[in-house]
Amino acid sequence: MNKIAVAGTGYVGLVAGVCFAEVGHKVTCVDIDEKKVELMKSGVSPIYETGLEGLMQKNFTAGRIDYSTDYKSAYKDADAIFIGVGTPEQPDGSANLSYIATVARQIAESVEKDCLVVVKSTVPVGTNDKVEQFIQDFLVNDVKVEVASNPEFLAQGSAVYDTLHAERIIIGTESTWAEKLLMEIYEPFDLPIVSVNRRSAEMIKYASNDFLALKISYMNDIANLCELVGADIQDVAKGMSFDERIGSKFLNAGIGFGGSCFPKDTKALNYIARQNGYELKTVKAAIDVNKEQKTMLYKKASNRLITFNGLKVAVLGLTFKPGTDDLREAASLENIPLLLQQGADIYAFDPVGAENFAKVHPEGKNGKGSITYVSNIEHALEGANVCFIFTEWGEVKALTPETYKKLMRTPLVYDGRNIYRVEEMQEAGVEYHSIGRKS
Ligand code: UGA
């Protein structure tokens, strides 16, 4: 059992903290937001994540996890301090490291015994060297502090499962002391551990995310060509997937990748390359394809309809993927303003994302158009002239082709997630447009 402190209680920090407690460590999660800390103490998770609240309550009751704004007490005698604060994208594509710097400074001023600082946040290669130096510069007590890199590979929506059943744990260290301590902390997880140096660990994170982003953009590029030459992207993906070198995952063409990671990490690696005088052509291509892909359906629909003005437009799904309330870089955020500018009356359904979306686009009149949030998916479709599917929520997938035909004024569907078979929609009398398949 180790004494662990975790800085930051977002997806990365909170999930890591809860999972460390679950395997038996004694954890304190630190956040500057008092309200959030109180909420977590009462067993409520500030993020929507399957299974998280249950584990928070169980481990809090067992005395293995606590939440606090008092970083000094949490850091002073910790064996390891994990940093899981955000590294948001800056206008030039680089990562904003100010939150990391703030935590590093607090650590330097608080630690009273030898301690390992473990950076989980995604940071440009070489950042952890700087963090270590920064801590040394501000260190108040005569203790040893080393920094290790331990990137996170969880996906939102399955974060707890991904952490407890990770395919690999990457640890990047510069001394056997640090390596041994991290190995010890991860031992109870019983998962494969890859131990490398710090810079390689930092690079593994970017290289992995950008490879996945590239895979998606590649499939979207091929999908667009499939439409032009009369091939079907889903059949193509299926045929490709039997080759183990390609694999069957992340071959789904759609409306582009969103979320807080792929868009940010592709731009950040591109930026790092440019800083080093190198042009990362493949990653640049992934970014460019994704940009075009996001409004692909809107452009198709604009060509098909004379105007959106005064039309009832059903929007099914607002979040960047199912299983999360996160809207960051979601296709809906690009398409809905375009539809509103054109005077569309939007009826949007999302089982968990509507509240967040309403903060950006409040209900009611909005520019030339209007937006209404509905909790009943059928209300969005009733009398609609056109429907856009942006997120493959279970509630959307459960709709039969006949439902669109029955409820919509004109059954015209633009599906950014290829939920239906083209034939079944045609048989039901729905005009169906999707990605990389015939219309
Ligand atoms: C991603 C990675 O999958 C995680 O391994 C990584 O740890 C995380 O980023 C991170 O860096 O923190 P996440 O952004 O939560 O996780 O979501 P994904 O499930 O990877 O989906 C990202 C986007 O790609 C979504 O918009 C999704 O709809 C899209 N996608 C995914 C496709 O368009 N096609 C696919 O085949 C798969």
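Rules used throughout
- Residues numbered from 1 in each chain as written.
- Predicted model: local features only at pLDDT ≥ 70, side-chain atom pairs only at ≥ 80, totals over all residues.
- Helix = DSSP H or I, 4+ residues; strand = E, 2+ residues; numbered from the N terminus.
- Rg over C-alpha atoms; globule rule 2.2 N^0.38 Å.
- Buried ≥ 20, exposed ≤ 12 C-beta atoms within 10 Å, placed from the backbone.
- Expected span 1.5 Å × (residues − 1).
- Contact = placed C-beta atoms within 7 Å.
- Pairing = 2+ DSSP bridges.
- Axes fitted to C-alpha atoms, helices over the stretch in contact; angles between N-to-C directions.
- UniProt positions renumbered as here; feature names shortened; annotations may be inferred.
- Parallel < 35°, antiparallel > 145°, perpendicular 65-115°, else oblique.
- Left-handed = near helix turned anticlockwise from the far one by under 90°.
- Arc of directions from axis to C-beta.
- Near = placed C-beta within 6 Å.
- Nonpolar A, V, L, I, M, F, W, Y, C, P; charged D, E, K, R; others polar.
- Core = buried A, V, L, I, M, F, W, Y, C linked by C-beta atoms within 7 Å.

Chemist: Looking at this structure, I do not really get the overall build of the protein. What am I missing?
Modeler: When helices and strands are tallied, the protein shows 19 helices and 15 strands. In summary, the protein has a C-alpha radius of gyration of 24 Å against a globular reference of 22 Å for 439 residues, a match within 12%. When its C-alpha atoms are laid out on the principal axes, the protein stretches across 75 × 45 × 40 Å. Taking all 439 residues of the protein together, the buried fraction comes to 47%.

Chemist: Help me out: how do you make sense of helix H1 (residues 11-22) in this one?
Modeler: End to end, H1 covers 16 Å across 12 residues, agreeing with the expected 16 Å (1.5 Å per residue, within 8%). The buried fraction of H1 is high, at 12 of 12 residues. Next to the buried residues of H1 lie strand E1 (3-7), strand E2 (26-30), helix H3 (52-61), strand E3 (65-68), strand E4 (80-83) and helix H7 (159-164). Phi for Gly-24, located one or two positions after H1, is positive at around 115°.

Chemist: Sorry, what's going on with the sheet that holds strand E9 (residues 312-316) here?
Modeler: Within a beta sheet, neighbouring strands are joined by backbone hydrogen bonds and run either parallel or antiparallel to one another. One open sheet holds the seven strands; their spatial order is E11-E12-E10-E9-E13-E14-E15, and the pairing between them is mixed. With partners counted over all chains shown, the strands left at the sheet margins are strand E11 (364-366) and strand E15 (431-433), one partner each. The mean inter-strand angle of the sheet, taken between neighbouring strand axes irrespective of direction, is 25°. Bridge count between strand E14 (residues 412-415) and E15: three bridges; the pairing is parallel. Note that in E15 the partner of Val-413 across the bridge is Tyr-432.

Chemist: Just to check I follow, could you spell out the UniProt feature "binding site: substrate" (unreviewed entry) in the protein for this structure?
Modeler: Using the residue numbers shown here, the UniProt feature "binding site: substrate" (unreviewed entry) corresponds to Lys-205, Phe-250, Leu-251, Asn-252, Ala-253, Gly-254, Gly-258 and Lys-321. Annotated residues spanning 117 residues; largest pairwise C-alpha distance 23.9 Å, indicating distribution over more than one region. By secondary structure assignment, the location of Lys-205 is in helix H9 (residues 198-229). Residues within four places of Lys-205 in sequence aside, it is in contact with Thr-122 and Pro-151. Accessibility expressed as a C-beta count within 10 Å gives 18 for Asn-252, which makes it partly exposed.

Chemist: Please clarify how the environment of Val-119 should be interpreted in this entry.
Modeler: Locating Val-119 in the fold gives a position in strand E5 (residues 115-119). By the C-beta count within 10 Å, which is 30 here, Val-119 ends up buried. Residues Val-119 and Met-40, spaced 79 residues apart in sequence, show a C-alpha to C-alpha distance of 23 Å. The contact partners of Val-119, leaving out residues within four places of it in the chain, are Ile-83, Asn-128, Val-131, Val-147, Ser-149 and Asn-150.

Chemist: Is there a simple way to explain the packing of H9 against helix H12 (residues 281-294) in this structure?
Modeler: Think of two packed helices as two axes; the pair is described by the angle between the axes and how far apart they sit. Packing of H9 against H12 brings their axes to within 9 Å, and their N-to-C directions diverge by 55°. The pairing of H9 with H12 is recorded here as oblique in orientation. Considering how the two elements wind past one another, H9 and H12 form a crossing that is left-handed. Seen from H9, the contacting residues are Asp-210, Ala-213, Leu-214, Ser-217, Asn-220 and Asp-221; seen from H12, they are Thr-282, Val-283, Ala-285, Ala-286, Val-289, Asn-290 and Gln-293.

Chemist: Got a minute to help me understand unusual backbone geometry in this structure?
Modeler: The phi angle of most residues is negative, glycine excepted, and most peptide bonds adopt the trans form. The phi dihedral of Asp-190 falls on the positive side, at around 55°, and the residue is not glycine. In this structure, Asp-190 sits in the loop between helix H8 (176-186) and strand E8 (193-196). Phi is positive for Asn-418, which is not a glycine, with a value near 45°. Structurally, Asn-418 can be placed in the loop between E14 and helix H19 (422-427).

Chemist: I tried to follow H8 on my own but got confused; where do I start?
Modeler: Helical geometry note: an α-helix holds 3.6 residues per turn, so side chains three or four residues apart project in the same direction. Considered for burial, the residues of H8 that qualify are Ala-178, Leu-181, Leu-182 and Ile-185. The buried side chains of H8 occupy one side of the element, clustering within an arc of 95° when seen end-on. In this structure, H8 carries Thr-176 and Lys-180 as exposed residues pointing more than 90 degrees from its buried face.

Chemist: Help me understand the site of the ligand, please; the structure alone is not making it clear to me.
Modeler: Taken together, 20 residues lie near the ligand, and Gln-156, Asn-252, Phe-257, Gly-259 and Cys-261 sit nearest. Counting residues per element, the shell around the ligand draws most heavily on H9, which supplies three residues. Per-class residue counts for the shell around the ligand are 11 nonpolar, seven polar and two charged.

Chemist: Honestly, the nonpolar core in this entry has me stumped. Any pointers?
Modeler: Burial of nonpolar side chains together is a common tendency in soluble globular proteins. Counting residues in hydrophobic clusters, the biggest one holds 129 residues, and the most contacted among them are Ile-81, Val-117, Val-313 and Cys-387. Cys-387 has contacts with Ala-314, Leu-316, Leu-381, Tyr-404, Met-408 and Val-413, leaving out every residue within four places of it along the chain.

Chemist: Would you mind showing me how to read the pairing of strand E13 (residues 386-389) here?
Modeler: Side-chain positions along a regular strand alternate between the two faces of the sheet. Residues Val-386 and Phe-388 point to one face of E13 and Cys-387 and Ile-389 to the other, with burial holding for every one of them. Two elements, E9 and E13, share four bridges in a ladder whose sense is parallel. Bridged to Leu-316 within E13 is Ile-389. Note that E13 and E14 share three bridges and pair parallel. Bridging across to E14, Ile-389 finds its partner in Asp-415.

Chemist: Quick question: what am I supposed to make of the UniProt feature "binding site: NAD(+)" (unreviewed entry) in the protein here?
Modeler: Mapped onto the present numbering, the UniProt feature "binding site: NAD(+)" (unreviewed entry) falls at Asp-31, Lys-36, Thr-87, Thr-122, Lys-264 and Arg-328. In three dimensions, the annotated residues from a span of 298 residues occupy distinct locations, with a maximal C-alpha spread of 25.5 Å. With respect to the secondary-structure elements, Asp-31 resides in the loop between E2 and helix H2 (34-41). What Asp-31 contacts, discounting residues up to four positions off in sequence, is Gly-8, Thr-9, Lys-36, Val-37, Tyr-67 and Thr-69. Here Thr-122 shows up in the loop between E5 and helix H6 (127-138). For Thr-122, a count of 22 C-beta atoms within 10 Å puts it in the buried group. Setting aside chain neighbours within four positions, we find Thr-122 in contact with Thr-87, Pro-151, Lys-205 and Asp-265.

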